Every structure is written in C-alpha cells, then in structure tokens.
Amino acid sequence: SFQVAADLCAEMWELDVRLSADGVCVVSHDDNLSRVARKNLSIAQSSWAEIAAVSLPEGQHVPRLEEVIALAQETGCGLYIEIKGQGAGVAAWKLLREANFRFASLVSFVVDWIGELRASGCEYPLGVLVPAYVDPLKYLSGVAPDIVHICWRNASARPDKLLSDDLLESLDEYQIVLWD
C-alpha cells in the first residue's frame, strides 16, 4: 500500500506503530491481526517471528517500521507516524535517527507518550491527536507539541463548523492538522 501511495504521488504516508512482545516496531493499525489476516494474534503479546509468519492477502506481510522507512527513503515520501502502543514512540524515534530519516513526525492520542518524547529531546515534530468533543488546550495537559491534530471528523455532519475563529486563535502557536 505504501508503494501504491508513492506511485500515486503521495507526499507523506500516515501509519501506525506498535511494539511486539520482543520489542520490534511493527506497522499496524490494529493490535490484533484478525481483521486483516483472519488470525487472532495480538502484536503486543506476540514475538516478531510469530507476526512475520502471518500471511496477508496477495502475499503481503505485516511490515517492520525499518522496511517502511527504507521505502520512504527510496521514494522520497514522508512519514506521519501515529504511536499506538507503549514504547513504540521511542522505538520509532530511534529507528528514524538510525536511518538518518528527516521527513517524519510522531503523533499520538496519548499525550503522555508525546510528553515522554519531548522530555527526551526528540527532534522530530511531535503532535497530539485530539478526540471529538474535547477541548484541545485542556487535552494537551501541559505538553508542548508542535502539531495539534483535530480528529473531529465524526463529531458532526459538518465538523468544519466546530472550528470557530476563537478555537483557531487559541491554537495559533501550533501547526493544526484536520482529520479529513
């Protein structure tokens, strides 16, 4: 799917990362592979060897983050990495640095994980994903992200109408990303 996105001239790919039980940074939206592989296997509770043995449709496999970074380098695409599991943000940061990959940002709904990266000196742009019906400034809990990603797509038939001038002005010091 990432190669297809590159072929279609996508500039940046959004992807989710989690850690396997043995600490491998795995690219997967869901922790359980039952939806994509029809196999009841939790990434967080499985070794990389167990995850790698799972076949996806059309001969594909669940990728490690290193594979996606390498393809992004090859195609000139950036990475918008959503941290979906404890420790995955630090692991992703380490892999990005090892690959000397610069066109990336790290984001999460879990403000503490972004705070951990900020406190550790992460040099990549960091973002907080803000769920529907939540005050973004209160949600940040003192963490100073670079990006506030408003995920209000399903909050209304017209989520754009929820973005008042006052709200946007209060977020003036941040880069704002809107889901959809």
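Residues numbered from 1 in each chain as written. Predicted model: local features only at pLDDT ≥ 70, side-chain atom pairs only at ≥ 80, totals over all residues. Heavy atoms only, no water.

S.K.: I'd like to hear about a nonpolar patch on the surface, residue by residue, with values.
M.R.: Residues L168, I176 and L178 make up a contiguous nonpolar surface patch of roughly 220 Å² in combined accessible area. Note on placement: L168 falls in helix α8 (residues 165-170). For L168, a relative accessible area of 32% translates into the label partly exposed. (Patch = residues over 30% accessible without salt bridge, like charges linked within 9 Å, V, L, I, M, F, W, Y side chains within 5 Å. Areas by Shrake-Rupley, 256 points an atom, 1.4 Å probe, with all protein chains shown as cover. Salt bridge = Lys/Arg side-chain N within 4 Å of Asp/Glu carboxyl O. Helix = DSSP H or I, 4+ residues; strand = E, 2+ residues; numbered from the N terminus. Buried < 20%, exposed > 50% of the residue type's maximum accessible area, 1.4 Å probe, protein only.)

S.K.: Just give me the short version of a negative patch on the surface, but keep the residues and values in it.
M.R.: A cluster of like negative charges, contributed by D165, D166, E169, D172 and E173, occupies part of the molecular surface. In this structure, E173 sits in the loop between α8 and β7 (175-178). Relative accessible area serves as the criterion here: at 68%, E173 is assigned to the exposed category. (Lys, Arg positive; Asp, Glu negative; His and termini not counted. Charge placed at Lys NZ, Arg CZ, Asp CG, Glu CD.)

S.K.: So what's going on with the environment of L178? Residues and values would help.
M.R.: Mapping L178 onto the fold places it in strand β7. According to the relative accessible area criterion, L178 is partly exposed, its value standing at 45%. Setting aside chain neighbours within four positions, we find L178 in contact with H149, I150 and L163. (Contact = heavy atoms within 4.5 Å.)

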